[in-house]
Each structure stands twice: as structure tokens, then as C-alpha cells.
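Listed below, chain by chain, are the residues.
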Amino acid sequence: MSTESAVDTHERTAAARQTQILTLEVVVPVYNEQVSLGPCIHRLHAYLSDQLRYPFRITIADNASTDDTLAIAQDLAGLFDEVRVVHLPEKGRGGALKAVWGTSQAQVLAYMDVDLSTDLAALLPLVAPLISGHSDVAIGTRLARGARVTRGPKREFVSRSYNLLLRGTLGARFSDAQCGFKAIRSDAAAQLLPLVEDTGWFFDTELLVLAQRAGLRIHEVPVDWVDDPDSRVDIFATAAADVKGIARLGSALVRGRLPLADVRAALSRNELESQTPGVPVGLTRQVIRFGLIGAASTLAYLVLFLAFSAVVGSQAANFLALLLTAIFNTGANRRLTFGVTGSHELGRHHGQGLLVFGLALAITSGSLAILHATGSQSVAVEVVVLVAANLVATIFRFLALRHWVFRGRRQIPGPREEAASERVTAATEGA
């Protein structure tokens, strides 16, 4: 065999081996989408065939459809070699993604909504940093600069409010949690998917928060997005489920029940948070815990205020609601934010906490007094003013608790400190 023939044979063998490596798998979760499914898959397949130079596969994840969606999906799989169908007995976008992503052999895993609200031109910018290894997770965002979005004011308000809530409660640094246009590297998915509990719409948020906490790089792509007028998503039911998800995930993070240090180690990601110059170790964790407790306290305060104000008036209701929530807030921050346990100095801590409560009372009562001086008696306006006043009081409360009430107290250990402590304990016991 000549040298030239040997080189040709080697190149053909290498090319054949390359085609066996599945680079990208795009999942399209569907439930009763017999009208939209065909056009979606035809457009997606044509785009990937024309634009992507890597092997790809499109997986239609049928979530227990009751119309002709499954039959149409099977016809599409027979038409295109790169299309397959996975039928799931239960509804839930998150469950569909976990089922398909969890068994995929592709290097990069993506998904998009069947209505193709996101322009497909954003797909290559979405997956390119993952294929190259630069990033671990990629999301399409409708809320970042450069995005072009067409949708109604109600959905715009809900979307922005939800992402603002995530920033305040879970410390989210990504801009858009719920855009149905995301991708993740398979090695990152293998570590994170077992930790994600939600099987519905909160799946995206939970995955992103865990990715961020594990130190993974999240790439954002501003997208062109047009709202689907035929969308059957129940906004209020989804919002309620998301709030429950935030509470559950926040509780797990506060209690340190998620092995994110193991994920970080498995993927060789350094914890940059504790290496930031000028930021005390543990401060970020304290702020997050304080924010979660503060959100719960504010919600409890509003419920108590509205209940008491109908009986004893606004000022007395403000006093009672603040007193009760201040006791809860001090106790919760004592244990969860600043890591103080046991009864030692418990009385002093609550006494100082009540003095801090006095400051909050002065701020909120003063705000009410100024409002009433203008002649306004609207309960709705009172609630808005009190929420704003409580935000100001919250900043002072955190500074007072950190630098006065619990000054010198030990900080909640992070995953790295907990792991080190466990190693020291094990070594001591072994000795």
C-alpha cells in the first residue's frame, strides 16, 4: 500500500470515528402539540443540517400527550435519521429533560420550546462556548441588553419580577431563568441533574442556581423572542409553584444539604467567591441567608399587618406585626446566618435584637406618619410605603446584627470549610 493510500485510509477512518461522536442533542419537550410539532421539527432540522458542522440529534420528549402528538413525532422520526422520540408517562418539562439528558451520550445537551418563540439564529451562539469548553451552561435571555422581545406587558412584568425575586432570595446572578432556550455540557449535567428535585417549570431555575453555586460558568445569549399567543402556561399556578420551589431550594442551601463542593471538585472549578479581594470570607453566604430570612419575615409581616390593621388600626398593627416578626427574625438569623447555637447569651441577643427592632419601628412608623400627614388612608398605598420602609430598615438591621449583636460570632462554614472540618475529625479519630 502506497503512503498516499495509507494517509487517505487514515483520514477516512478518523472521519468515520468523528461522525460517531454525538456532539449536540436538542430536546423538544411537548404535550398535546399536534399543530406546532411538525413545523417546529422541520425548521429545526433544516437549520441544524445547514448550520451545524457537528453530528446532532433532535429528541422529541412526549409528556403523556392525549392527542396525535406522539403519532406525529413517530412519523417525523421515520422521516429524519437525526430525529428520535421518547415517550414519557407523566407531564412535566423538568422531568422530560432529566430523563433525556440523563441518558444522552452527546457532549452538549440543549432544549427549546416547541413554539420556537426564540429565533433559531441564537442556537449556534448558545452552544458554541459549550462545545469549545469555555462555558458549562448557556441560557438565552430576554432581559439582557441586546435582546429583542415582543410580548404583552403582563408577561413582561411577571418575568422581570420573578428574576428580581431570584436575585433577592437566592442571590441569582443570571438575568433570565425561564427562557425556554438553554444548553449544558454533559459532564456538568451528570453532576447537577441528580441534585435537581423539580420536574416542572422550576427545573430551569433550580439547575441554574445550583450551577452558579457550584462555580460553573454560565454563558448568556441575548435573543430575539416573540411571545406565542396560543401559550397555555398557567401564569399564576406556575408562579405559585416557583415560590414553593424558591423556599425549598433556599432552605436546602441554608442548611448546607447539597454537596456542591463535590460538584465543584468533580468539575475542577475553583470557588472564586472566597478569593475576591476585599470581601470577608462568609459575607456573601451571610447576605444570602439574611436575604432569605428577610423575605420570609417581610411576607409574614405583611400578612400580620393586614390582619391586625382591620382590628386595631395601622400604627398598632405595625407595632404588633414588627414585634412578632422581629423575634422570629433575630432567632432565625442567630442560628442560620451567624451560626450561633445554644442558650448562651440568648437573652442578650434577643434584647439587642429588640433594640434593632426599635430602629425598624421608627423607620416604618415615621413613614406611616408622613403618609397620613399627606391625607392618604389607602391600605394599598400603606402596604407599598411599608415595603419600601422595610427595605431600608433591613439594611440597617443586617449591619447592626453583623457588627453589633453577633460581632465576633463564628460564621456559617461553607462547603469547603465543612469538608476540611470532616477531614480533620476523621484524621483525629483515626489517630
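Note that this is a predicted model, so its numbers are computed, not measured.

## Some details on empty space enclosed by the protein
Part 1: Under the defined criterion, the tally for this structure stands at 5 cavities of 30 Å³ or more.
Part 2: Of the residues in the lining of the second largest cavity, the class split is 4 nonpolar, 3 polar and 2 charged.

## Some thoughts on the sheet that holds strand S8 (residues 218–222)
Part 1: Spatially, S3-S2-S1-S4-S7-S5-S8 is the arrangement adopted by the 7 strands of the open sheet, whose pairing is mixed. The open sheet has two edge strands with one neighbour each: strand S3 (83–88) and S8. Across this sheet, the average inter-strand angle for adjacent strands is 20°, counted without regard to direction.
Part 2: Note that strand S1 (residues 24–30) and strand S4 (residues 108–112) share 4 bridges and pair parallel. By the bridge assignment for S4, Val27 is matched with Tyr111.

## Regarding the nonpolar core
Part 1: Counting 46 residues, the largest nonpolar core has Trp101 and Ile184 as its most contacted members.
Part 2: With 6 residues, the single largest contributor to this core is helix H8 (residues 203–213).
Part 3: When residues no more than four places from it in sequence are discounted, the contact partners of Trp101 are Val27, Leu109, Ala110, Tyr111, Ile184, Leu193, Phe203 and Leu207.
Part 4: Membership of the second largest hydrophobic core comes to 36 residues, among which are Ile60, Ala110, Met112 and Leu130.

## Some remarks on the packing of aromatic side chains
Part 1: Summed over all chains, the structure comprises 2 aromatic pairs.
Part 2: Aromatic pair Trp101 and Phe203: ring centres 6.3 Å apart, planes at 55°, arrangement tilted. You can see Trp101 sitting in helix H4 (residues 93–101) and its partner Phe203 sitting in helix H8, a full 102 residues away along the chain. The pair Trp101 / Phe203 is uniform in exposure class, with both members buried.
Part 3: Following the ring pairs from residue to residue traces out a cluster consisting of Trp101, Tyr111 and Phe203.
Part 4: Looking at Lys91, its charged tip hangs above the ring of Tyr31, at a distance of 4.3 Å from the centre.
Part 5: In this structure, Arg142 packs its charged tip against the face of Trp225, placed 4.9 Å from the ring centre.

## Topic: the pattern of salt bridges
Part 1: Tallied over the entire structure, the rule returns 12 salt bridges.
Part 2: Where Asp204 meets Lys182, a salt bridge forms, and the shortest distance between an N and an O atom there is 2.9 Å. Here Lys182 lies in strand S7 (residues 181–185) and Asp204 lies in helix H8, a separation of 22 residues in the sequence. The pair formed by Asp204 and Lys182 is uniform in burial state, with each residue classed as buried.
Part 3: A salt bridge links Asp187 to Arg185, with the shortest nitrogen-to-oxygen separation between them at 3.4 Å.
Part 4: Its relative accessible area of 30% is what places Asp187 among the partly exposed residues.
Part 5: If you follow the salt bridges from partner to partner, you end up with Arg93, Asp113, Lys182 and Asp204 in one network.

## Points about the confidence of the model for the chain
Detailed conclusions should not be drawn from predicted coordinates in areas where pLDDT is low.
Part 1: Taken residue by residue, the chain gives an average pLDDT of 80. The fraction at 70 or more is 83%.
Part 2: Taken as a whole, residues 1–7 scores under 50 in pLDDT and shows 2 contacts with residues more than four places along the chain or in a different chain.
Part 3: Contacts from residues 272–281, a stretch scored under 50 in pLDDT, to residues over four places away or in other chains number 9 contacts.

## Thoughts on the side chain of Ser159
Part 1: Checked against the element boundaries, Ser159 lands in helix H6 (residues 153–170).
Part 2: For Ser159, a relative accessible area of 9% puts it in the buried group.
Part 3: Look past the residues within four positions of Ser159 in its chain and what remains in contact with it is Arg142, Leu143, Arg151 and Asp176.

## Some details on the pairing of strand S2 (residues 56–63)
Part 1: Taken across its 8 residues, S2 has 7 buried, putting it largely inside the fold.
Part 2: Sheet topology places S1 next to S2; 7 bridges connect them, and they run parallel. Across the sheet, residue Val30 finds its bridge partner in S2, namely Asp62.
Part 3: Remark: the S1/helix H2 (residues 37–51)/S2 crossover connection has right-handed handedness.
Part 4: Where S2 lies against S3, 6 bridges are found, and the strand directions are parallel. Bridging from a neighbouring strand, Asn63 pairs with Leu88 of S3.

## Observations regarding the packing of H4 against H8
Helices that pack against each other are described as a pair by the angle of their axes relative to one another and the distance between those axes.
Part 1: It is at 8 Å that the axes of H4 and H8 come closest, and there the two elements cross at 55°. Accordingly, the angle class assigned to the pair H4 and H8 is oblique. Residues Arg93, Gly94, Leu97, Lys98 and Trp101 of H4 touch H8, and the partners they reach there are Phe203, Asp204 and Leu207.
Part 2: Here the residues of the contact of H4 with H8 sort into 4 nonpolar, 1 polar and 3 charged.

## Looking at unusual backbone geometry
Part 1: Positive phi is not limited to glycine here, since Asn32 has a value of about 50°.
Part 2: Of note, Asn32 is situated in the loop between S1 and H2.
Part 3: Accessibility expressed as a relative area gives 16% for Asn32, which makes it buried.

## Remarks on the environment of Val209
Part 1: With respect to the secondary-structure elements, Val209 resides in helix H8.
Part 2: Using a relative accessible area of 1% as the deciding quantity, one classes Val209 as buried.
Part 3: Separated by 40 residues in the primary sequence, Val209 and Leu249 have C-alpha atoms spaced 8.9 Å apart.
Part 4: Setting aside residues no more than four positions away along its own chain, Val209 makes contact with Leu170, Phe174, Leu249 and Leu253.

## Let's talk about H4
Part 1: Buried within H4 are the following residues: Arg93, Gly94, Ala96, Leu97, Val100 and Trp101. Angular distribution of buried residues about the axis of H4 spans 160°; they occupy a single face of the element.
Part 2: Looking at the packing, one finds that the buried side of H4 touches S1, S2, S3, S4, S7 and H8.

Conventions we followed
- Residues numbered from 1 in each chain as written.
- Predicted model: local features only at pLDDT ≥ 70, side-chain atom pairs only at ≥ 80, totals over all residues.
- Heavy atoms only, no water.
- 1 Å grid on protein atoms, 1.4 Å probe; cavity = no way out; pocket = protein on both sides within 12 Å on 5 of 7 lines; lining within 4 Å.
- Points joined across faces, edges and corners; volume = space filled by probe spheres on them.
- Nonpolar A, V, L, I, M, F, W, Y, C, P; charged D, E, K, R; others polar.
- Pairing = 2+ DSSP bridges.
- Helix = DSSP H or I, 4+ residues; strand = E, 2+ residues; numbered from the N terminus.
- Axes fitted to C-alpha atoms, helices over the stretch in contact; angles between N-to-C directions.
- Core = buried A, V, L, I, M, F, W, Y, C linked by side-chain atoms within 4.5 Å.
- Buried < 20%, exposed > 50% of the residue type's maximum accessible area, 1.4 Å probe, protein only.
- Contact = heavy atoms within 4.5 Å.
- Phe/Tyr/Trp six-rings, centres within 6.5 Å; stacked < 30°, edge-to-face > 60°.
- Lys NZ or Arg CZ within 6 Å of the ring centre and 35° of its normal.
- Salt bridge = Lys/Arg side-chain N within 4 Å of Asp/Glu carboxyl O.
- pLDDT = per-residue confidence, 0-100.
- Right-handed = clockwise from strand over helix to strand, strands pointing away.
- Parallel < 35°, antiparallel > 145°, perpendicular 65-115°, else oblique.
- Arc of directions from axis to C-beta.

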